[in-house]
Amino acid sequence: MEDAQIIDHFFRRDPEAIRAAQEKYEKRCLAAARHILPDDRDAEECVNDTWLSVWDSVPPQQTDPLMTYVCGITRNLALKKYHASAA
């Protein structure tokens, strides 16, 4: 599915948007989180939290390009988790 279609699904609050975004970007998000976090379970948790964050933030936000937006959220969540565990 193309990014424009996925974004349209998010704007319509269609749960299909999450599945499509996961299918398309989960591997990239997981790689980004694993680059920051040493524990694979923490990285997977950040990626799962990413989908909720995207769901909550997309309607008011313009998210084009979608990959940058989604991976940016994953990166921020992973950094937050890293700093929390290092404190």
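Here is what the cut-offs are and how they apply
Residues numbered from 1 in each chain as written. Predicted model: local features only at pLDDT ≥ 70, side-chain atom pairs only at ≥ 80, totals over all residues. Heavy atoms only, no water. Helix = DSSP H or I, 4+ residues; strand = E, 2+ residues; numbered from the N terminus. Buried < 20%, exposed > 50% of the residue type's maximum accessible area, 1.4 Å probe, protein only. Contact = heavy atoms within 4.5 Å. Core = buried A, V, L, I, M, F, W, Y, C linked by side-chain atoms within 4.5 Å. Phe/Tyr/Trp six-rings, centres within 6.5 Å; stacked < 30°, edge-to-face > 60°. Lys NZ or Arg CZ within 6 Å of the ring centre and 35° of its normal. Expected span 1.5 Å × (residues − 1). Polar contact = N/O pair within 3.5 Å; in protein donor to acceptor, adjacent residues only side chain to side chain. Salt bridge = Lys/Arg side-chain N within 4 Å of Asp/Glu carboxyl O.

J.: Sorry if this is basic, but what is going on with unusual backbone geometry here?
T.: Trans is the prevailing form of peptide bonds, just as negative phi is the prevailing case for residues other than glycine. Phi at Arg13 takes a positive value of approximately 60 degrees, unusual for a residue other than glycine. Topologically, Arg13 is positioned in the loop between helix 1 (3-11) and helix 2 (16-36). Overall, the relative accessible area of 33% leaves Arg13 in the partly exposed class.

J.: Help me understand the environment of Ala21, please; the structure alone is not making it clear to me.
T.: With respect to the secondary-structure elements, Ala21 resides in helix 2. Residues Ala21 and Glu2, spaced 19 residues apart in sequence, show a C-alpha to C-alpha distance of 9.6 Å. Every residue in contact with Ala21, bar those within four places of it in the chain, is listed here: Ile6, Phe10, Glu26 and Trp51.

J.: Looking at this structure, how should I read the nonpolar core?
T.: Nonpolar side chains tend to gather and get buried jointly when the protein is soluble and globular. Counting 25 residues, the largest nonpolar core has Phe10, Cys29, Trp51 and Val70 as its most contacted members. Among the secondary structure elements, those contributing two or more residues to this core are helix 1, helix 2, helix 3 (40-57) and helix 4 (66-86). The dominant element in this core, judged by the number of residues it contributes, is helix 2, at 8 residues. Leave out the neighbours within four places in its chain, and Cys29 touches Val47, Trp51, Val70, Cys71 and Thr74.

J.: Is there a simple way to think about the packing of aromatic side chains in this case?
T.: Aromatic ring pairs are defined here through the distance separating the ring centres and the angle between the ring planes. Considering all chains together, one arrives at 1 aromatic pair under this definition. Over the face of the ring belonging to Trp55 we find Arg13, whose NZ or CZ atom lies 4.0 Å from the ring centre.

J.: Looking at this structure, I do not really get helix 3. What am I missing?
T.: Taking 1.5 Å per residue, 18 residues should reach 26 Å; helix 3 reaches 26 Å between its end C-alpha atoms and fits that length. Ala43, Cys46, Val47, Thr50, Trp51, Val54, Trp55 and Ser57 are the residues of helix 3 that are buried. Close packing links the buried residues of helix 3 with helix 1, helix 2 and helix 4. For helix 3, the side-chain oxygen to backbone nitrogen distance between the N-cap and Arg41 is 3.0 Å, and the N-cap itself is Asp39.

J.: Please clarify how the pattern of salt bridges should be interpreted in this entry.
T.: Pairing between side chains of opposite charge can happen when the charged atoms of each approach one another. Throughout the structure, instances matching the rule amount to 8 salt bridges. Notably, a salt bridge pairs Arg34 with Glu44, separated by 3.7 Å at the nearest N-O pair. In this pair, Arg34 sits in helix 2 while Glu44 sits in helix 3, placing the two residues 10 residues apart along the sequence. We classify Arg34 as partly exposed; its relative accessible area is 37%.

J.: Whenever I open this one, the side chain of Thr74 confuses me. Can you help?
T.: By secondary structure assignment, the location of Thr74 is in helix 4. On the basis of relative accessible area, Thr74 is assigned to the buried category, the value being 0%.

J.: Teacher, can you tell me more about the environment of Gln22 here?
T.: With respect to the element layout, Gln22 can be found in helix 2. Taking relative accessible area as the criterion, Gln22 reaches 25% and is therefore assigned partly exposed. Sequence separation between Gln22 and Trp51 is 29 residues, and the spatial gap between their C-alpha atoms is 7.7 Å.

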